[in-house]
Amino acid sequence: MKINSVANNGITIITLAGDIDSRTAPVVQEQVVPMTTEADKLILDLTQVSYMSSAGLRVLLLLYRQVASKKGQIILVGLSPSILDTMAVTGFLKFFSTANSLQEAVASLQS
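Computed from a prediction, not measured in an experiment: that's the story for all the values here.

Undergrad: Would you mind going over the overall build of the chain in detail, with residue names and values included?
TA: Per the secondary structure count, the chain includes four helices and five strands. Along the chain, helices and strands appear, N-terminal first, in the series β-β-α-β-α-β-α-β-α. Relative to a compact globule of 111 residues, whose C-alpha radius of gyration would be 13 Å, the chain shows 13 Å and is just as compact. Its C-alpha atoms give the chain principal-axis dimensions of about 30 × 25 × 25 Å. Counting every position in the chain, which comprises 111 residues, the buried fraction comes to 42%.

If you want it as structure tokens, here you go:
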């Protein structure tokens, strides 16, 4: 699992690369959740994530709760069809805004 973050104009963009499963979800949680304490506008780029288990969904929900508790916004970018389908079936999409590109997500948060 590779995790990169960039802050730009009050927006934090976190890029994840690799599968998010029971083995990698704790690493994602440990590294990404602290980033939400400083950011109220967060973009999570999942373009390079092809698989997400229920452990990954739990981490997303935790991120959502952290950001929402500060009245912040989080946008998911680049969801694969299988992850998008899983999130739709489980009801997770009602918690998140989604975008097809980073540019679209940035524009949404800047408006």
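Back to the write-up after that little detour.
Undergrad: Go over helix α2 (residues 54-69) with me, naming the residues and quoting the values.
TA: Three- or four-residue spacings in an α-helix give side chains the same orientation, since the helix completes a turn every 3.6 residues. The end-to-end C-alpha separation of α2 is 22 Å, in line with the 22 Å expected for 16 residues at 1.5 Å each. Among the residues of α2, Ala55, Gly56, Leu57, Val59, Leu60, Leu61, Leu63 and Val67 are the ones counted as buried. Packing partners of the buried residues in α2 comprise α1 (25-32), β3 (41-48), β4 (73-77) and α3 (81-90).

Undergrad: Please provide a residue-by-residue account of the sheet that holds strand β2 (residues 11-17), values included.
TA: Taken together, the five strands give an open sheet; going across it, the order is β1-β2-β3-β4-β5, and neighbouring strands pair in mixed fashion. Edge positions in the sheet fall to β1 (2-8) and β5 (97-99), since each of these pairs with one other strand and no more. Put simply, the sheet's adjacent strands are angled 25° from each other on average, direction ignored.

Undergrad: Give a description of the packing of α1 against α2 that names residues and reports values.
TA: It is at 9 Å that the axes of α1 and α2 come closest, and there the two elements cross at 15°. With respect to α2, the axis of α1 lies roughly parallel. Note that α1 runs across α2; the crossing there is right-handed. Along the contact surface, α1 presents Ala25, Val28, Gln29 and Val32, while α2 presents Ala55, Gly56, Val59, Leu62 and Leu63. The residue inventory of the contact of α1 with α2, partitioned by class, reads seven nonpolar, two polar and no charged.

Undergrad: Tell me about the side chain of Thr36, residues and numbers included.
TA: By the secondary structure assignment, Thr36 is in the loop between α1 and β3. Since its relative accessible area comes to 1%, Thr36 is described here as buried. At 2.6 Å, the side chain of Thr36 forms a polar contact with the backbone oxygen of Val33.

Cut-offs applied
- Residues numbered from 1 in each chain as written.
- Predicted model: local features only at pLDDT ≥ 70, side-chain atom pairs only at ≥ 80, totals over all residues.
- Heavy atoms only, no water.
- Helix = DSSP H or I, 4+ residues; strand = E, 2+ residues; numbered from the N terminus.
- Rg over C-alpha atoms; globule rule 2.2 N^0.38 Å.
- Buried < 20%, exposed > 50% of the residue type's maximum accessible area, 1.4 Å probe, protein only.
- Expected span 1.5 Å × (residues − 1).
- Contact = heavy atoms within 4.5 Å.
- Pairing = 2+ DSSP bridges.
- Axes fitted to C-alpha atoms, helices over the stretch in contact; angles between N-to-C directions.
- Parallel < 35°, antiparallel > 145°, perpendicular 65-115°, else oblique.
- Left-handed = near helix turned anticlockwise from the far one by under 90°.
- Nonpolar A, V, L, I, M, F, W, Y, C, P; charged D, E, K, R; others polar.
- Polar contact = N/O pair within 3.5 Å; in protein donor to acceptor, adjacent residues only side chain to side chain.

Bear in mind that shape data such as this cannot, by itself, settle questions of function.
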